[in-house]
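The lines below spell out each chain.
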Amino acid sequence: MNTRFPTKSTFDDVVCDLDLSFRVTMLRHEPAELAALITQRIKLTAKYLARTSLAPHSKALEAVSQAVRFSDWHHLSTHLARALGPDLAKAPQAWLDALSSTLLVLVQPEADVKMPEAQLQAFERLGQTLGMLSDTPTQDVLDDVCAALCGGKNWQEVRNRSPLKARTALYQFLVDEGNGNGYGYEEASSTATASAGFFDWSPACYELVEELDGQWQGYDDFTKPQQKRARKWVEAALIAQPGFLEAGLALASMQYDAEEEGASATLERYIKQAEALIPIGFKGQILWSQVGNRFYHRMFWLRLEMHVVAGDLKSAVRLARKQLRLNPADNFGVRLALPLLLLELGDYPAAKRALKGLATDAGQTASAIRAFTEYAAGNQQGFRTELVDALISLPWLRVFLSGRRATLPDGDDGFRGMQPDLELFIEFASSAYGAVPGLMAACKSFLAEPLVIAVEAELRSYWMVYDRRDGQRQGSYEEWVLLCSDAARRLA
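The following refers to the structure shown. Every chain is numbered on its own, with residues counted from 1 as its sequence reads. For this predicted model, a pLDDT threshold of at least 70 governs which residues receive local features, and a threshold of 80 or more governs which side-chain atom pairs are given and counted, while totals over whole chains, interfaces and linings are taken from all residues. Side-chain measures here rest on the full set of heavy atoms in the structure, leaving out hydrogens and waters.

## Examining the pattern of salt bridges
- Salt bridges, as used here, are contacts in which a Lys or Arg side-chain nitrogen is within 4 Å of a carboxyl oxygen on Asp or Glu. In the structure shown here, the tally under the stated rule is 19 salt bridges.
- Via salt bridges that share partners, E458, D486, R489 and R490 belong to a single interconnected network.

## Quick word on the packing of helix α12 (residues 245-257) against helix α14 (residues 294-309)
- To obtain an axis, a line is fitted to C-alpha atoms, over the contacting stretch when the element is a helix, and the angle between two such axes runs from 0 to 180 degrees between their N-to-C directions. Helix and strand definitions follow DSSP, with helices as H or I runs of at least four residues and strands as E runs of at least two, each counted in order from the N terminus. Between α12 and α14, whose axes approach to 10 Å, the crossing angle comes to 25 degrees. As judged from the angle between their axes, α12 and α14 are roughly parallel. Here α12 runs over α14; the crossing is left-handed. The segment α12 lies against α14, with L245, E246, L249, A252, S253 and Y256 engaging F295, R298, M299, L302, E305, M306 and V309.
- Of the residues in the contact of α12 with α14, the class split is nine nonpolar, one polar and three charged. Here the angle decides the label: under 35 degrees means roughly parallel, over 145 means roughly antiparallel, 65 to 115 means roughly perpendicular, and every other value means oblique. For any pair of crossing helices, the crossing counts as left-handed if the nearer helix is rotated counterclockwise from the farther one by less than a right angle, and right-handed if it is rotated clockwise. Residue contacts follow a heavy-atom distance rule, with two residues in contact if any of their heavy atoms lie within 4.5 Å. Here the nonpolar group is Ala, Val, Leu, Ile, Met, Phe, Trp, Tyr, Cys and Pro; Asp, Glu, Lys and Arg are the charged ones; every other residue, Gly included, is treated as polar.

## Focus: the nonpolar core
- Remark: nonpolar core denotes a set of buried residues (Ala, Val, Leu, Ile, Met, Phe, Trp, Tyr, Cys) joined through side-chain atoms within 4.5 Å. Only protein chains enter the accessibility calculation, which uses a 1.4 Å probe; a residue is then buried when its area is under 20% of its type maximum, exposed when over 50%, and partly exposed in between. Membership of the largest hydrophobic core comes to 107 residues, with the highest contact counts inside it found for F244, F372 and L397.
- Ranked by size, the runner-up nonpolar core spans 50 residues in total, among them V15, I42, L106 and L120.

## A few points about the side chain of T45
- The residue T45 is located in helix α3 (residues 31-53) in this model.
- Here T45 falls in the buried class, since its relative accessible area comes to 1%.
- Once residues within four sequence positions are removed from consideration, T45 is found in contact with V64, V105, L130, V145 and L149.

## Observations concerning the side chain of S402
- Following the sequence through the fold, S402 ends up in helix α20 (residues 397-402).
- Polar contacts, as counted here, are pairs of nitrogen or oxygen atoms within 3.5 Å of one another; within protein the pair requires one atom able to donate a hydrogen and one able to accept it, and residues that are adjacent in sequence qualify only if both atoms are side-chain atoms. Polar contacts involving the side chain of S402 include one to the main-chain carbonyl oxygen of V399, which spans 3.2 Å.
- In this structure S402 touches K444 and L447, once residues within four positions along its chain are discounted.

## Topic: the environment of I453
- Here I453 lies in helix α23 (residues 450-466).
- Contact partners of I453, with chain neighbours within four places excluded, come to R398, L447 and A448.

Here it is, written out as structure tokens:
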């Protein structure tokens, strides 16, 4: 029986079947570098084998060469030396394929990460083959050669690796010193003058996050048993890895959804853990565009919602301002929530200042928020102008402002193109709408004006024909824009 590794014969097959790293894939274009690395790792494998088998190094080299399907070390070294020749500048496929059986020795896994099963089995086949060729017990070869190549103490330790057993820190906070080359990330220190920073994940953390996503994504739509299983996994993961911040966020979210008292304390604990990683004195941004930062902003958003539900609007405002400072691009819509929170608090001048964050938001809910704020500030013309803009771009607003659940006429869904985040708007606008004295009555009075009703009907009539899905569309976008502009002029 042939026990030599592997069964596949082409370079690309082995790369795919063993789930080898992108680096190995790219080495197909760098034959000299590939040959040098294989030579180094083959000699290292022989060194380990000689140590455990008590054979001369030359004999161990012969055994390793045969295990990777070369007749002897001379044959293998000669083949590798061809990488330096002029005829191998583009690494012919036949030369690469002949080396396919050597690729396993290039695997250098992370200590805290579970290796792919295909790699584990391949190393076990290699151990069996080396044991046979060197007359050494297979288990000794696995423990002293294969485990050593994988950076482990013995093969059982390599086999049992799991990110839940990781000993290295899952996160560190790195700072971009702004040197302009895009690669200026250095470990943060208390003396750094940083423009931006990010939470860097360890390889084990990446694996844990992937597993958490599989357990938690879509939680709101889970059945009760599914939610119970997901929570059990999260709680077990936190026992094994108390510093797993994403799991801390997940647990707080689960507790919050279940209306448990401990949700706030749980979230606060993990926010503090995250912020303990940030150097004292750091004044830079923590941007959403860095994937590793997203859990941190999700924590902030959940904390803000908890403050609002608890009636602690001042804390919610402080947190909103902090999040906008850290992430000016604002991927959550915090800029929309902030003026509404300030209106509810009765701080109208601050709400007016907060509208600067909406400078690039046109129409729809942004205009409605500006209308509310202008009314609170005593600017009646600004209130009407913004409310007109909001109603024209988002007819659904009539349903919200009137306080009735009645639908719009003629099957109108109330949207004119892109639909905004109505859930966010309703969550924060509902209280503000009722908190500003006279605002609700002023809006309802506006909606009752005959001209407003007539203009809405005119625009609806055009839109229902223009936005047809059956291919019988009439009119043009340019004409629609002109109609909206004329409507705004007439109503304002």
